[in-house]
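# Results of the structural survey
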Amino acid sequence: MKPFLKWAGNKYKIVERIKALLPSGQRLVEPFVGSGALFLNTEYPRYLLTDANADLITLYQHLQVEGETFIEYCRPLFTPENNDKDRYYALRDEFNSTDDSRRKSAIFLYMNKHGYNGLCRYNMQGGFNVPFGRYKRPYFPEKEMLYFHQKSQNAIFQHADFRVTMESCAMGDVVYCDPPYVPLSNTANFTSYSSGGFGWEEQKMLATLAQSLSARGIPVLVSNHNTDFVQDIYSVASITEFDVQRYISCDGENRSKAAELLALFS
Ligand SMILES: C[S@@+](CC[C@H](N)C(=O)[O-])C[C@H]1O[C@@H](n2cnc3c(N)ncnc32)[C@H](O)[C@@H]1O
């Protein structure tokens, strides 16, 4: 099943590759859950799904608890009248000022489907600042949301930094880490998914934590771009290299193959 959100760096296309390397266990832990592509396509008895993006986690919590009631609450935002630049910016302003978490989650979903390229980006003050996307008929992902709701009954969603989540892991857990990609060149800026950045130090810290969890008998699989830096920080892991077809420009026409890898600390 496809995730119901568009999400930069989502792993839907390589779920089978990830599953082929992922050990079995009592609980799958995803410290960078994003759109949850792996969660939705695996069968672990339990899940701990966390992310540093609080808006994302709050949306999941509403869907988990309320199911169809929440889906019906979101539906009226997906009308032809709301597929309009002025309406989009009015709803974005409402999102950035309201304290009503249910309303905020519904608008977050609306902006994910009506905003530019499904991006999720915030300004320095923490305000969502993605421009209008100009789609013909944005898709209301009812069926995908219902599936997510059903699947989430044995999951826990938490807003947390990856360090906190990884330090909380115990025997029987299997961890899949999908951090923001390292840049392909040293000069490129890091992609910033939530208002906090994720730089070289965080990448190194993740590798260190993965190694120490595996030393305690908790396997950790990590994905990233295949660069010299990544090969270096994951050098104690067992590495699988492959290419992924990705859109690299905004017009959607420019495709290229990006070299990626999966590193298993076990
Ligand atoms: C590549 S995406 C994960 C994509 C996900 N595997 C999927 O299939 O959609 C990386 C995620 O890391 C999250 N993130 C960024 N910094 C983080 C941090 N310090 N701790 C936890 N999550 C973080 C972002 O919000 C984003 O959702």
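Residues numbered from 1 in each chain as written. Predicted model: local features only at pLDDT ≥ 70, side-chain atom pairs only at ≥ 80, totals over all residues.

### Overview of the overall build of the protein chain
Counting secondary structure elements, the protein chain contains ten helices and seven strands. Its C-alpha radius of gyration of 18 Å places the protein chain within 12% of the 18 Å reference for a compact globule of 266 residues. Based on the C-alpha atoms only, the size of the protein chain along its principal axes is roughly 55 × 40 × 30 Å. Within the protein chain, buried positions represent 35% of all 266 residues. Pairs at least 24 apart in sequence give 66% of the contacts found in the protein chain among residues at least 6 apart. (Helix = DSSP H or I, 4+ residues; strand = E, 2+ residues; numbered from the N terminus. Rg over C-alpha atoms; globule rule 2.2 N^0.38 Å. Buried ≥ 20, exposed ≤ 12 C-beta atoms within 10 Å, placed from the backbone. Contact = placed C-beta atoms within 7 Å.)

### Topic: the nonpolar core
If you look at the biggest cluster of nonpolar residues, it comprises 57 residues, and the most contacted ones within it are V175, C177, A210, V220 and V222. In terms of residue count, the dominant contributor to this core is helix α6 (residues 101-114) (six residues). Built from parts of two domains, this core gets at least three residues from each of domain 1 (13-52 + 160-265) and domain 2 (68-143). Once you skip the residues sitting within four places of it in the chain, V175 turns out to touch V29, M166, C169, L213, I218 and V220. (Core = buried A, V, L, I, M, F, W, Y, C linked by C-beta atoms within 7 Å. Domains from an automatic or database assignment.)

### Observations concerning the environment of E66
Summarising the element assignment, E66 is placed in helix α3 (residues 54-66). Remark: the alpha-carbon pair of E66 and H149, spanning 83 residues in sequence, is separated by 8.2 Å.

### Looking at the site of the ligand
If you check the shell around the ligand, you find 21 residues, and the closest are G9, N10, G34, S35 and A37. In terms of residue class, the shell around the ligand is made up of ten nonpolar, six polar and five charged. (Near = placed C-beta within 6 Å. Nonpolar A, V, L, I, M, F, W, Y, C, P; charged D, E, K, R; others polar.)

### Considering the environment of L264
On the secondary structure map, L264 appears in strand β7 (residues 255-265). Using a count of 18 C-beta atoms within 10 Å as the deciding quantity, one classes L264 as partly exposed. In this structure the C-alpha to C-alpha distance between L264 and D232, which are 32 residues apart in sequence, comes to 14 Å.

### Considerations on the confidence of the model for the protein chain
Across the protein chain, the average pLDDT comes to 93, with 92% of residues at or above 70. A low-confidence stretch, residues 191-195 stays under pLDDT 50, and its non-local contacts, those more than four residues away or across chains, total 13 contacts. (pLDDT = per-residue confidence, 0-100.)

### Details of helix α9 (residues 200-215)
In this model, α9 (16 residues) spans 23 Å end to end at C-alpha, consistent with the 22 Å of a helix rising 1.5 Å per residue. Inspection of α9 places Q203, L206, A207, L209, A210 and L213 among the buried residues, and these make up the whole buried set. Along the axis of α9, the buried positions cluster into a sector of 165°, meaning they face one direction only. Exposed residues lying more than 90 degrees from the buried face of α9 are E201, T208 and A215. In the stretch just after α9, G217 is the one whose phi turns positive, near 90°. (Expected span 1.5 Å × (residues − 1). Arc of directions from axis to C-beta.)

### Focus on the domain arrangement of the protein chain
Often the size quoted for an interface is simply the accessible area lost on bringing the parts together. Taken domain by domain, the protein chain holds domain 1 (13-52 + 160-265) and domain 2 (68-143). Computed over C-alpha atoms only, the centres of domain 1 and domain 2 are separated by 27 Å.

### Quick word on the environment of G172
Mapping G172 onto the fold places it in the loop between α8 (162-167) and β4 (173-177). Separated by 47 residues in the primary sequence, G172 and P219 place their C-alpha atoms 9.1 Å from one another. When neighbours within four sequence positions are excluded, G172 is seen to be in contact with G25, Q26 and R27.

### Focus: the pairing of β4
Within β4, five of the five residues are buried, which leaves the element mostly enclosed by the surrounding structure. Residues D173, V175 and C177 point to one face of β4 and V174 and Y176 to the other, with burial holding for every one of them. The sheet contact formed by strand β1 (residues 27-30) and β4 spans three bridges and is parallel. Looking across to β4, one finds that R27 is bridged to D173. Taken together, the three bridges between β4 and strand β5 (residues 220-225) define a ladder with parallel strand orientation. Counted as the bridge partner of C177 is V222 from β5. (Pairing = 2+ DSSP bridges.)

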